[in-house]
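Inside the fold
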Amino acid sequence: MSSRPVRPVPLSQVEAFEHEADVLVVGFGCAGAAAAFEASSAGADVIVLERAGGPGGSSALSGGELYLGGGTRVQRACGFDDTPDEMYAYLEAALGPHADAEKLRLYCDESVEHFEWFRARGLTFEESMYDAPSWMPPTRDGLMWLGENAWPYNTIARPVPRGHRPAAENFGGWLIMERLASAAHEAGARTHADTLATALVVDESGRVVGVVASNYGKTVHYRARRGVVLTTGGFVDDEEMLADHAPVLLGHGKVSDGLDDGSGIRMAAALGAATRRMAQVEAALTALPAMVCRGMLVNARGQRFINEDVYPGMFSHAALHNPAPWWVIIDEEGYDAIPERDLWGVRPQHVAETLAELEEELGIPAGALETTVATYNRHAAEGDDPHFHKNPAWLRELKPPFAAVNPALGFDPGGSDAVPPGTGIAGFTLGGLHTTVDGAVLDVSGSPIAGLFAAGRASSGIHGEGYVSGTSLGDGTFFGRRAGRAAAGG
Ligand SMILES: Cc1cc2nc3c(=O)[nH]c(=O)nc-3n(C[C@H](O)[C@H](O)[C@H](O)COP(=O)(O)OP(=O)(O)OC[C@H]3O[C@@H](n4cnc5c(N)ncnc54)[C@H](O)[C@@H]3O)c2cc1C
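Being a predicted model, the structure only gives us computed values, none of them experimental.

**Some words on the site of the ligand**
Taken together, 39 residues sit near the ligand, with E50, S59, R457, S472 and L473 positioned nearest. G29 is positioned such that a nitrogen or oxygen atom in its backbone is 3.5 Å from an oxygen atom of the ligand. Here the ligand, which alone exposes 1000 Å², has 93% of that area covered by the protein. Elements with a contribution of two residues or more to the shell around the ligand: α1 (30-41), α2 (57-61), β9 (195-202), α10 (263-269) and α16 (471-488). Residue composition of the shell around the ligand, grouped by class: 15 nonpolar, 19 polar and five charged.

Given below as structure tokens:
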């Protein structure tokens, strides 16, 4: 456990509250914005405490991909029929094993309504599809595949794309946060920025009735007449928590705004709150989907470990559990076929006429890569990939000259979206407080802690042991809305 104290403060020790509201929301990312909007719209007086200078959080830095479906107007306009059941079947498999069935069912059943909620908050979605493998389309297209068309998922549910993107080129999280923060303010929520919540205030019955915070070094007390909603994000930025709960990410890069220190999780845990899925993480390998689909991804032993056309988060997750360094192997024909817009500044670092030379340069055991490529080529010639079931559309014999790309060197697509060199992997945490579908935080005995709610990455959402892009902003806002409404209801 992290050593910074987070002990709850008894109400009897609070001499006076400097501020008071019906609902206190702690943290102004996507989950906090959704909670603040709904609580305010339900008639509650709301204050949002944010440690940074204003709203945003990791949400504002994000790609802005939203995992939504079940038959949205964008899906229909692009010619796809979808149902909540198909969406559920895909997510149950892709976010599993151990996806949260109750949360997931609700999330899928009400996904079209949630999509319309974003539109009503002023977000627009182009009714067009980006039909190519990518971490992040460089266009404003409103729809993209997020692994639904790859094996084994295409055998589990009818493949339908559900990656919804607001109308922004490349990363669109800033646009989502701009619209949601405005909506929360217009609904009446007030923001107290530069205000770091440090502890919860608890009355003699155990009910959470306020928050102690620090504003420019001054201690400030906030009373919550109805409830406190913790939307403080995950814990990837706290090395001690990471070591305790999700050590798989230790030493790797962090997909965050630098403020995901798990403070909300710890404040609630200090009250006896239960946590769930704390070891589960999202991982992103800096390998280009457009490149790995046309070539192959191998581990330090020169072995393939997954069908390269899956959602890139899945090949990343698989890489995390395979020996590093990882390599993207491609031939000249494959490299030349990648559209410039999907290259993100990635150039091969190693080029060789033979695989034996490449093995020597990369430190791969002699003969290993030759065997992998020979097997791949033998099956590709027959349009087959019996080991990993890569889509035949991507299968082609790899021919010399060969090239290798090291994901650890990062991306440089130009502008501010560069990923600097590192281990090749960066990620964020998925586990957090155990909550009901209405955001009530449960204690270790399974009973709700009165007055306490949570959503977003401070809580455990729909995820089991898997992750798909768009499900963090998606479940953060979906369950943030429910937590805000529940807190406003007292
Ligand atoms: C580069 C990048 C790309 C991503 N792309 C996507 C994507 O396309 N789709 C997707 O679904 N997800 C994506 N993610 C992940 C996603 O952005 C986050 O998981 C999600 O935004 C978390 O939302 P949140 O509201 O829980 O937390 P945050 O957005 O991090 O908000 C938490 C807020 O709480 C504040 N806070 C923390 N502790 C305290 C405290 N003690 N007191 C007061 N304030 C506090 C923080 O300052 C922050 O503003 C991406 C993330 C990054 C960084």
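**A closer look at empty space enclosed by the protein**
Under the definition given, this model contains one cavity of 30 Å³ or more. Of the volumes computed, that of the largest cavity is approximately 50 Å³. Here the lining of the largest cavity takes three residues from α16, the largest share from any one element. Of the residues assigned to the lining of the largest cavity, the class counts are three nonpolar, six polar and three charged.

**What to know about the layout of surface pockets**
Estimated volume of the second largest pocket: approximately 300 Å³. If you go around the second largest pocket, you meet 17 residues; those closest to its centre are A132, P133, W145, N149 and D309. Classifying every residue of the lining of the second largest pocket gives 11 nonpolar, four polar and two charged.

**Side note on the nonpolar core**
V228 and M291 are the most contacted members of the largest nonpolar core, which has 135 residues in total. Sequence-distant contacts of M291, that is, excluding residues within four places in its chain, are made with V328, I330, Y335, I338, L343, V346 and V405. In this structure, W327, L355, L369 and L395 belong to the second largest nonpolar core, which totals 18 residues.

**Thoughts on the domain arrangement of the chain**
In terms of domain boundaries, the chain breaks down into domain 1 (9-62 + 173-282 + 426-488), domain 2 (66-164) and domain 3 (287-423). Computed over C-alpha atoms, the centres of domain 2 and domain 3 are 27 Å apart. Every contact between the two is made by 15 residues of domain 2 and, on the other side, 20 residues of domain 3. Across the domain 2/domain 3 interface, buried area totals approximately 1400 Å², and carbon plus sulfur atoms make up 67% of it. Run the count over domain 2 and domain 3 and you get zero salt bridges. Where domain 2 touches domain 3, the interface holds four residue pairs in polar contact (both at pLDDT 80 or more). In terms of residue class, the side of domain 2 that touches domain 3 is built from 11 nonpolar, four polar and no charged.

**Topic: unusual backbone geometry**
Cis rather than trans, the peptide bond between G96 and P97 has omega equal to 0°. By the secondary structure assignment, P97 is in the loop between α4 (84-94) and α5 (101-109). Here the residue pair W151 and P152 is connected by a cis peptide bond, since its omega of 5° sits within 30 degrees of zero. Topologically, P152 is positioned in the loop between β6 (143-144) and α7 (153-156). Phi at N170 is positive, roughly 55°, even though this residue is not glycine. Looking at the element boundaries, N170 is found in the loop between β7 (163-164) and α8 (173-186).

Definitions and limits used
Residues numbered from 1 in each chain as written. Predicted model: local features only at pLDDT ≥ 70, side-chain atom pairs only at ≥ 80, totals over all residues. Heavy atoms only, no water. Near = heavy atom within 4 Å. Polar contact = N/O pair within 3.5 Å; in protein donor to acceptor, adjacent residues only side chain to side chain. Areas by Shrake-Rupley, 256 points an atom, 1.4 Å probe, with all protein chains shown as cover. Helix = DSSP H or I, 4+ residues; strand = E, 2+ residues; numbered from the N terminus. Nonpolar A, V, L, I, M, F, W, Y, C, P; charged D, E, K, R; others polar. 1 Å grid on protein atoms, 1.4 Å probe; cavity = no way out; pocket = protein on both sides within 12 Å on 5 of 7 lines; lining within 4 Å. Points joined across faces, edges and corners; volume = space filled by probe spheres on them. Core = buried A, V, L, I, M, F, W, Y, C linked by side-chain atoms within 4.5 Å. Buried < 20%, exposed > 50% of the residue type's maximum accessible area, 1.4 Å probe, protein only. Contact = heavy atoms within 4.5 Å. Domains from an automatic or database assignment. Buried area = accessible area lost by both parts, 1.4 Å probe. Salt bridge = Lys/Arg side-chain N within 4 Å of Asp/Glu carboxyl O.

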